[in-house]
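Coordinate inspection notes
For reference, the chains in residue letters:
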Amino acid sequence: MSQEVNEFSQAIPGMVYQFRVNPDGSWQFFYLSEGIYQLYEISPEAAYADYHLINQCILEEDCASYYASLELASQNRTQWLNEYRICTASGKLKWLRTQALPCPQYDGRVLWNGILIDITEHKNNEA
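For every chain, the first residue of its written sequence is number 1, and the numbers climb from 1 along that sequence. In keeping with the model being predicted, local features are shown solely for residues with a pLDDT of at least 70 and side-chain atom pairs are shown and tallied solely at 80 or more, while totals for entire chains, interfaces and linings include all residues. For the side-chain quantities, the full set of heavy atoms in the structure was used; hydrogens and water were omitted.

1. With respect to the nonpolar core
Remark: nonpolar core denotes a set of buried residues (Ala, Val, Leu, Ile, Met, Phe, Trp, Tyr, Cys) joined through side-chain atoms within 4.5 Å. We call a residue buried when its accessible area falls under 20% of the maximum for its residue type, exposed when it is over 50%, and partly exposed in between, using a 1.4 Å probe and counting protein chains only. Formed by 27 residues in total, the largest nonpolar core has its most connected members in Phe19, Tyr40, Trp80 and Trp112. Secondary structure is summarised from DSSP: a helix means a run of H or I of at least four residues, a strand means a run of E of at least two, and numbering begins at the N terminus for each. Taken together, the elements giving at least two residues each to this core come down to β1 (14-21), β2 (27-32), α2 (35-40), α5 (60-76), β3 (80-87), β4 (93-104) and β5 (110-118). Among the elements that take part in this core, β1 stands out by supplying four residues, more than any other. Contact between two residues is taken to exist if any of their heavy atoms lie within 4.5 Å; hydrogens are not considered. In this structure, tyrosine 40 is in contact with Ile54, Cys57, Tyr84, Ile86, Thr88, Ala89, Leu96 and Leu116, ignoring residues within four places of it in sequence.

See below:
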């Protein structure tokens, strides 16, 4: 990764990511900025090795809407927007907002480029 990309991604209050959804439904991350540590308490290397680590943090009651919103955006090739809650390894409850754009690939896969932002403070202020 270039110095410029690293500096750019550090300026984002959250994380920048790129992943691919394969026709069989599996995911593969291609890029995760260092912000993944602050959001999930997971290293990029661990998430590259097993994408389930990130998904396992999503609260059970938010899973259905999370996956449904991704599926809808995938089918329609539209922007993916979703807000959901996670529980980190240390037990912190956080609200996250993801926003990503699909880039269909010639082989049927969909490459997603997006950002993920911690909106916990905003959600707490709403409540």
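Picking up where we left off.
2. Considerations on the packing of aromatic side chains
Aromatic pairing here means that ring centres of Phe, Tyr or Trp (its six-membered ring) are within 6.5 Å. Orientation follows from the plane angle: under 30 degrees is stacked, over 60 is edge-to-face, and everything else is tilted. Enumeration over the complete set of coordinates arrives at 12 aromatic pairs. Measuring from centroid to centroid gives 6.2 Å for tryptophan 27 and phenylalanine 29, while their planes differ by 75°, and the two rings are edge-to-face. Accessibility classification places tryptophan 27 together with phenylalanine 29 in one group, the buried group. A ring pair is formed by tyrosine 66 and tryptophan 80, whose centres lie 5.4 Å apart and whose planes are at 70°; its orientation type is edge-to-face. Of this pair, tyrosine 66 sits in helix α5 while tryptophan 80 is found in strand β3, placing the two residues 14 residues apart along the sequence. As far as burial versus exposure is concerned, tyrosine 66 and tryptophan 80 are alike and both buried. Sitting over a ring, as applied to charges here, requires NZ of Lys or CZ of Arg to be within 6 Å of the ring centre and within 35 degrees of the ring normal. Sitting over the ring of tryptophan 95, lysine 123 keeps its end group 4.5 Å from the ring centre.

3. Describing the sheet that holds β4
Pairing between two strands requires that DSSP report at least two bridges joining them. Pairing within the open sheet is antiparallel, and its five strands lie in the order β2-β1-β5-β4-β3. Two strands lie at the open edges of the sheet, namely β2 and β3, each paired on one side alone. Across the sheet, the mean angle from the axis of one strand to that of its neighbour is 30°, orientation sign disregarded. Across nine bridges, the pairing between β4 and β5 is antiparallel. Each bridged residue has a counterpart across the sheet, and for alanine 100 the counterpart in β5 is glycine 114. Those strands touched by α5 are β1, β2, β3 and β5, and its axis lies near 155° from that of β3. Here an axis means a line fitted to C-alpha atoms, over the contact stretch when the element is a helix, while the angle between two N-to-C directions is reported on a 0 to 180 degree scale.

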